[in-house]
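# Chains, contacts and geometry: an overview
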Amino acid sequence: MKKTANARFTIKSWDEKPYSEGKDLPKMTRATVVKTFSGEIDGEGHVEYLMVYRADGTATFVGLERFTGRIAGRNGSFVLQRTGVFEDGQAKESYSVVTGSGTGELRSLRGEGTCSAGHEADHPFSLNYELD
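Note that this is a predicted model, so its numbers are computed, not measured.

### Some words on the pattern of salt bridges
If you walk through the whole model with that rule in mind, you get twelve salt bridges. With a shortest N-O distance of 2.7 Å, Lys2 and Glu112 are connected by a salt bridge. With Lys2 in the segment before β1 (3-22) and Glu112 in strand β7 (residues 110-117), the pair connects residues that are 110 residues apart, well separated along the chain. Of the charged contacts in the structure, one is a salt bridge between Glu48 and Arg30, with a shortest N-O distance of 2.8 Å. Of this pair, Glu48 sits in strand β3 (residues 41-53) while Arg30 sits in strand β2 (residues 25-39), placing them 18 residues apart in sequence. Several salt bridges share partner residues, and in doing so they unite Lys35, Glu65, Arg82 and Glu93 into one network.

### Quick word on the side chain of Arg82
Note that Arg82 resides in strand β5 (residues 74-87). In this structure Arg82 comes out as buried when scored by relative accessible area, which is 1%. Within the structure, Arg82 has its side chain in polar contact with the side chain of Glu93 (distance 2.7 Å).

### Topic: the pairing of β3
Along a regular strand, successive side chains alternate from one face of the sheet to the other. The pairing of β2 with β3 spans eleven bridges and is classified as antiparallel. By the bridge assignment, Val33 is partnered in β3 with Val47. Two successive antiparallel strands, β2 and β3, enclose a turn made up of one residue. As paired strands, β3 and strand β4 (residues 59-71) are joined by 13 bridges and run antiparallel to one another. Each bridged residue has a counterpart across the sheet, and for Val52 the counterpart in β4 is Thr60. Between β3 and β4, which pair antiparallel one after the other, the connecting turn spans five residues, and Gly57 there sits at a positive phi close to 90°.

### Some thoughts on the pairing of β7
Residues Gly111, Gly113, Cys115 and Ala117 point to one face of β7 and are all buried, whereas Arg110, Glu112, Thr114 and Ser116, pointing to the other face, are not buried. Here six bridges tie strand β6 (residues 90-97) to β7, and the two strands are oriented antiparallel to one another. Bridging across to β7, Ser96 finds its partner in Glu112. Bridge count between β7 and strand β8 (residues 122-130): three bridges; the pairing is antiparallel. Paired with Glu112 across the strands is Asn128, a residue of β8. Hairpin remark: β7 followed by β8, antiparallel, with four residues in the connecting loop.

Reading guide: rules and limits
- Residues numbered from 1 in each chain as written.
- Predicted model: local features only at pLDDT ≥ 70, side-chain atom pairs only at ≥ 80, totals over all residues.
- Heavy atoms only, no water.
- Salt bridge = Lys/Arg side-chain N within 4 Å of Asp/Glu carboxyl O.
- Helix = DSSP H or I, 4+ residues; strand = E, 2+ residues; numbered from the N terminus.
- Buried < 20%, exposed > 50% of the residue type's maximum accessible area, 1.4 Å probe, protein only.
- Polar contact = N/O pair within 3.5 Å; in protein donor to acceptor, adjacent residues only side chain to side chain.
- Pairing = 2+ DSSP bridges.

See the structure below:
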């Protein structure tokens, strides 16, 4: 049976650098990001995002994030696969737990979710999950 864990996260660090850009080319960047989660999901996430920026300022991104911490009182780690867009001042993304990436008491974790975040100090996060 699926459950939902709710949390909030803050961006602890964001280090973004271009890796491909040029005249008449969309800029492509890589961002190394550290997030702190609190709530029913408590711990830290380390994510690598790859982004492409369009001339109108919108962007599309993909990322892999390793979370280490606790969900519903169970400790371990897992990897989220993230995809999304940045438009109208909001990053809108969907994510899912990478099959087989769980460790410790989160070894059997399966789940997915969506979120939308702007430039606020902290952001809502939820995960619809199953855990044996």
